[in-house]
Amino acid sequence: MKNKLQIRLILCVCAFISVFTALLIVASFFDLEISRFLTAGSLPDGEYYSTNGFALFVEILGFSAFYFSGAIASIICVNAALKTSDGDRFFFIKELRGWAHKIIQGVIIVGFSAFAVYETYCVVHEAFKYPEKYLQDALQGTNAAFTLNSGYLIAVQVVFAAVLAGLILALLARVKKETAITLLKIAVILFAVELMYLAVVDAVKTPIGRMRFRTMNALGDFSYYTPWYVINGPRNATTLGIIIPSGGTPSPESLIGAASDTCKSFPSGHTYGAAMSFALVCLPDLFERFKKTYLKAICWIAPAAYTVTVAICRIVVGAHFLSDVLVGGSLAFALVMILREVVILKGAHFMAFKKSAPQEE
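For the structure given in this document, a descriptive report is provided here. These numbers come from a predicted model, not from an experiment.

Quick notes on the rules
- One numbering rule holds for all chains: residues counted from 1, following each sequence as written.
- A pLDDT threshold of at least 70 governs which residues receive local features in this predicted model, and a stricter bar of 80 or more applies before side-chain atom pairs are shown or counted, although totals over entire chains, interfaces and linings include all residues.
- In computing side-chain properties, one takes all heavy atoms of the structure into account and sets aside hydrogens as well as water.
- Two distance rules govern patches: like charges are joined within 9 Å, and nonpolar side chains (Val, Leu, Ile, Met, Phe, Trp, Tyr) within 5 Å, applied only to residues with over 30% relative accessible area and no salt bridge.
- Each accessible area is a Shrake-Rupley estimate made with a 1.4 Å probe; only the visible protein chains count as cover when residues are assessed.
- By convention in these notes, a salt bridge is any Lys or Arg side-chain nitrogen within 4 Å of a carboxyl oxygen on Asp or Glu.
- The convention is simple: Lys and Arg are positive, Asp and Glu are negative, and His and the chain ends are not counted.
- For charged residues, the charge sits on one atom: NZ in Lys, CZ in Arg, CG in Asp, CD in Glu.
- The buried label goes to any residue with under 20% of its type's maximum accessible area, the exposed label to any with over 50%, and the partly exposed label to all in between, with areas taken from a 1.4 Å probe on protein chains only.
- We call Phe, Tyr and Trp rings a pair once their centres come within 6.5 Å, taking the six-membered ring for Trp, and we label the pair stacked below 30 degrees between planes, edge-to-face above 60, and tilted otherwise.
- A positively charged side chain is recorded as over a ring if its NZ (Lys) or CZ (Arg) lies within 6 Å of the ring centre. The angle to the ring normal must also be within 35 degrees.
- Numbering goes from the N terminus for both helices and strands, where a helix is a DSSP run of H or I of at least four residues and a strand is a run of E of at least two.
- To get an axis, a line is fitted to the C-alpha atoms, and for a helix only the part in contact is used. The angle between two axes follows their N-to-C directions and goes from 0 to 180 degrees.
- Crossing handedness follows the turn of the near helix against the far one: under a right angle anticlockwise gives a left-handed crossing, and clockwise gives a right-handed one.
- Contact criterion: two residues are considered in contact whenever any of their non-hydrogen atoms come within 4.5 Å of each other.
- Any residue outside Ala, Val, Leu, Ile, Met, Phe, Trp, Tyr, Cys, Pro, Asp, Glu, Lys and Arg is labelled polar, Gly included; the first ten of those are nonpolar and the last four are charged.
- We define a polar contact as two N or O atoms separated by no more than 3.5 Å, with the added condition that, inside protein, one atom must be a possible hydrogen donor and the other a possible acceptor, whereas residues neighbouring each other in sequence contribute only through side-chain atom pairs.
- Helices are assigned an expected span. That span is 1.5 Å times one less than the residue count.

Quick word on a positive patch on the surface
Taken together, the side chains of K4, R8, K291 and K296 present a region of like positive charge at the surface. Of the residues examined, K4 reaches a relative accessible area of 60% and is grouped as exposed.

Here it is, written out as structure tokens:
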């Protein structure tokens, strides 16, 4: 058994590192050429936004997976708290009783319910954020204006988010108490990967300042291209060229395509969010019903297909280069696998390498 775990871990790690390294080398030399090939016919010269309907649809839904993961994790916590009885082991606290149980239970239910609604609101808002940008770009130069940030539309989105979160909670409420408690392990993984996005991906986008392909396409100047490993510093692009924060803040009217992230190409947040779907591979580890071969295959193939589709579409619309989506997706995948090993498998693969203590004669 130990030999099988050792071999499996070595093969998986070597395969991941080999494929990642090979693709990163290719991207380091041919990022720009790959983007030119994949955007041909979908991103007209001089334009910022793509005309590829399918790729735009995936773009709209791509980052929603990031917020949806947080929403699901929050709802899992609410469901577990609702099913916990007085005297039960409560999350990581043993045998809470009486008022202490009720107070902490109430705080967890209210807190995570609010966060679930917020994350679900972000899913809804993210889905309409891109159409808003396209519409704003189309309305430039006219007296008409449109924004999703009006009080009425925000209220509509919040109500819709609350209803959607409630429906998901109603579905989860059907599971048994033991299942609800077990699902908390997946919630921990999702929260941890979501926090790592803020600490790593979102934190490096601005300092690296890599210009998007579609920004250069709109400017008609590809001399701004830099490899993924070059640190350009904070900057943004306007119709007049590049502007850095120290040189002043560009007006919304001067921003290309009304976008404020024209120089935040590396790494890809959408692909990172999509790769969070690999949390599905934890289901066969936790539940016997998912150990069937075809269900195991689905838990691996579905997130892989989804992540690759999002990655390719991000290149097709000119939002990212191959290296951007490769690093973003691989980072989230690696984090999910590491957390799965620690939180769910309790380090089983690593323990297989631990030498057994010598037996006394």
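Moving on from the coordinates now.
Digging into the packing of aromatic side chains
Geometry of an aromatic ring pair is reported as the spacing of the ring centres plus the angle between the planes. In the structure shown here, the tally under the stated rule is 18 aromatic pairs. Within the aromatic cluster, the residues linked to one another by ring pairs are F16, F20, F278, W300 and F333. Above the ring of F222, the side-chain terminus of R36 is found at 4.8 Å from the ring centroid.

Description of a nonpolar patch on the surface
A contiguous nonpolar patch, built from I25, V26, F29 and F30 and spanning about 410 Å² of accessible area, is present on the exposed surface. Relative to the helices and strands, I25 is located in helix α1 (residues 2-39). With a relative accessible area of 47%, I25 lands in the partly exposed category.

Considerations on the packing of helix α3 (residues 64-83) against helix α7 (residues 184-208)
Contact geometry for α3 and α7: axes closest at 9 Å, N-to-C directions at 145°. Considering the relative orientation of α3 and α7, their crossing is left-handed. Here F66, Y67, S69, G70, A73, S74, I76, C77 and A80 of α3 lie close against α7, whose contacting residues are L184, A187, L190, F191, E194 and Y197. Residue classes in the contact of α3 with α7 are distributed as 11 nonpolar, 3 polar and 1 charged.

Brief notes about helix α2 (residues 53-62)
The complete set of buried residues in α2 reads A55, L56, V58, E59, I60 and G62. Near the N-terminus of α2, the side chain that reaches the backbone nitrogen of F54, with its oxygen 3.2 Å away, is that of N52.

Notes on the packing of α2 against helix α11 (residues 293-316)
Taken N-terminus to C-terminus, the directions of α2 and α11 make an angle of 115°; their axes are 9 Å apart at the nearest point. At the point where α2 passes α11, the crossing takes the left-handed sense. Residues F54, A55, V58, E59, L61 and G62 of α2 form the contact with α11, whose own contacting residues are Y306, T309, V310, C313, R314 and V316. Taken together, the residues that form the contact of α2 with α11 break down as 8 nonpolar, 2 polar and 2 charged.

Notes on α11
Taking 1.5 Å per residue, 24 residues should reach 34 Å; α11 reaches 34 Å between its end C-alpha atoms and fits that length. Every buried residue of α11 is listed here: L295, C299, P303, T307, V310, A311, C313, R314, I315 and V316.

Looking at the environment of T262
As for its placement among the helices and strands, T262 is situated in the loop between β2 (241-243) and α9 (269-275). The exposure class of T262 is buried, given its relative accessible area of 0%. In this structure, the C-alpha to C-alpha distance between T262 and N236, residues 26 residues apart in sequence, is 5.9 Å. Apart from residues lying up to four places away in sequence, T262 is in contact with Y48, R210, M211, R212, T215, N236, A237 and I256. Within the local environment of T262, its side chain forms a polar contact with the side chain of N236, the two groups lying 2.4 Å apart.

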